[in-house]
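Breakdown of the fold
For reference, the chains in residue letters:
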Amino acid sequence: MAPPGRSVAAGQALVLRHERIRKSLHLGAAVFPVAYGLGMSHRTLVQLLSAAAALALATETARWASPAARALFDRLFGSLMRGHEKESISGATWLALSCLGAVVLFSREAAIAALWCATVGDPVAGITGRLWALARGTRASGPGNKTLAGSLACATASFAGVWTLAGYPVAFAAAVGVAAAVAEAIPVRLDDNIRVAGVAGIVAQLLA
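Since the structure is predicted, the reported quantities are computational estimates derived from the model, not experimental observations.

So, helix α5 (residues 91-105)
- For α5, which comprises 15 residues, the first-to-last C-alpha distance of 21 Å matches the rise-based estimate of 21 Å (1.5 Å per residue) to within 8%.
- Regarding α5, the residues found buried are Gly-91, Thr-93, Leu-95, Ala-96, Ser-98, Cys-99, Leu-100, Ala-102 and Val-103.

Put into structure tokens, the structure is as follows:
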């Protein structure tokens, strides 16, 4: 029988492989804040995000309405989904909806900040937390399996984008970064994509 520490490490390594794929897909959505920050029009971005949200909602509808569609969905994406997502709306759908909501509700600068925190800060927190736990040979700790390392990574990554891409002063960008990290870490049932985009966007809007 493998020692307990080795078993935990092996389990963490498997989770980390899935997390890397999941977060790589998540990070791909960073194209939206980057494009918006580089001058993409509000109308074009709303159209793109509306299409993404519509596709996500159509997929969710088919997934729950058709056993065959659900079986196909689970076969393609099941290994990337967390336990609660298998019986509820997926994180990808929440991400699409939160990005669309941020662009519609917030000013350009605040929307860029919200999008960046949701598409970069949030996944950076997850992958850093997993790497930290793997390095220590333990499970992620804290509420909702969050880690201090993950929260610091989220705050740092969020700050960098809010400062350089959204154009906020250093102190304001730091405040948005901390707000994003707190939103990502708080132990509530609301999906973290909604939490991070909403909290970061509100703080950024107030500081704009």
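Focus on the confidence of the model for the chain
- Averaged over the chain, the pLDDT score is 86; the fraction of residues at 70 or greater is 82%.
- Confidence drops under pLDDT 50 across residues 7-11; counting only partners more than four residues distant or on other chains, this segment forms 5 contacts.

Remarks on the packing of aromatic side chains
- Per the stated rule, a full pass over the model turns up 1 aromatic pair.
- Ring centres of Phe-159 and Trp-163 lie 5.6 Å apart, and the angle between their planes is 20°; on these two criteria the pair is classed as stacked. Taken together, the residues Phe-159 and Trp-163, both in helix α7 (residues 148-164) and 4 residues apart, mark about one turn of the helix.
- On the accessibility criterion, Phe-159 (21% relative accessible area) is partly exposed.
- On the basis of relative accessibility, which here comes to 42%, the residue Trp-163 falls in the partly exposed class.

Description of helix α6 (residues 108-136)
- The end-to-end C-alpha distance of α6, which contains 29 residues, comes to 41 Å, matching closely the 42 Å that a straight helix rising 1.5 Å per residue would cover.
- The axis of α6 is deflected most strongly, by about 35°, at Cys-117.

Looking at the environment of Ala-208
- For Ala-208, the location among the structural elements is in the segment after α9 (192-207).
- Judged by relative accessible area, which is 62%, Ala-208 ranks as exposed.
- Apart from the residues lying within four places of it in its own chain, the contact partners of Ala-208 are Ser-107 and Tyr-168.

Re a nonpolar patch on the surface
- Where nonpolar side chains cluster on the molecular surface, the patch consists of Val-178, Val-182, Ile-186, Val-188 and Leu-190 and spans about 400 Å² of accessible area.
- Locating Val-178 in the fold gives a position in helix α8 (residues 170-185).
- Residue Val-178 is classed as partly exposed on the basis of its relative accessible area, which comes to 48%.

Section: the environment of Cys-117
- Here Cys-117 is to be found in helix α6.
- Given the relative accessible area of 0%, Cys-117 is considered buried.
- Spatially, the C-alpha atoms of Cys-117 and Ala-181 are 8.7 Å apart, while their sequence positions differ by 64 residues.
- Once you skip the residues sitting within four places of it in the chain, Cys-117 turns out to touch Asp-122, Ser-158, Val-162, Val-176, Ala-180, Val-196 and Ala-200.

Here's the deal with the state of the cysteines
- Applying the stated criterion across every chain yields a total of 0 disulfides.
- No disulfide involves Cys-117; its sulfur sits 6.8 Å from the nearest other cysteine sulfur, which is in Cys-154.

Quick word on the packing of α7 against α8
- As a packed pair, α7 and α8 sit with axes 7 Å apart at the nearest point and diverge in direction by 140°. Regarding the angle of α7 to α8, the classification is oblique. The two elements α7 and α8 cross, and the hand of that crossing is right-handed. Residues Ser-151, Cys-154, Ala-155, Ser-158, Phe-159, Val-162 and Trp-163 of α7 form the contact with α8, whose participating residues are Val-170, Ala-173, Ala-174, Val-176, Gly-177, Val-178, Ala-180, Ala-181, Glu-184 and Ala-185.
- Residue composition of the contact of α7 with α8, by class: 13 nonpolar, 3 polar and 1 charged.

Topic: the packing of α6 against α9
- Two elements in contact, α6 and α9, have axes separated by 8 Å at closest approach and are oriented at 145°. When the axes of α6 and α9 are compared, the crossing they make is right-handed. For the pair α6 and α9, contact is made by Ala-110, Ala-113, Ala-114, Cys-117, Ala-118 and Asp-122 and by Asp-192, Asn-193, Val-196, Ala-197, Ala-200, Gly-201, Ala-204 and Gln-205, respectively.
- Among the residues forming the contact of α6 with α9, the class breakdown is 9 nonpolar, 3 polar and 2 charged.

Reading the values: the criteria
- Residues numbered from 1 in each chain as written.
- Predicted model: local features only at pLDDT ≥ 70, side-chain atom pairs only at ≥ 80, totals over all residues.
- Heavy atoms only, no water.
- Helix = DSSP H or I, 4+ residues; strand = E, 2+ residues; numbered from the N terminus.
- Expected span 1.5 Å × (residues − 1).
- Buried < 20%, exposed > 50% of the residue type's maximum accessible area, 1.4 Å probe, protein only.
- pLDDT = per-residue confidence, 0-100.
- Contact = heavy atoms within 4.5 Å.
- Phe/Tyr/Trp six-rings, centres within 6.5 Å; stacked < 30°, edge-to-face > 60°.
- Bend = angle between axes of the 7 residues up to and from the residue.
- Patch = residues over 30% accessible without salt bridge, like charges linked within 9 Å, V, L, I, M, F, W, Y side chains within 5 Å.
- Areas by Shrake-Rupley, 256 points an atom, 1.4 Å probe, with all protein chains shown as cover.
- Salt bridge = Lys/Arg side-chain N within 4 Å of Asp/Glu carboxyl O.
- Disulfide = S-S within 2.5 Å.
- Axes fitted to C-alpha atoms, helices over the stretch in contact; angles between N-to-C directions.
- Parallel < 35°, antiparallel > 145°, perpendicular 65-115°, else oblique.
- Left-handed = near helix turned anticlockwise from the far one by under 90°.
- Nonpolar A, V, L, I, M, F, W, Y, C, P; charged D, E, K, R; others polar.

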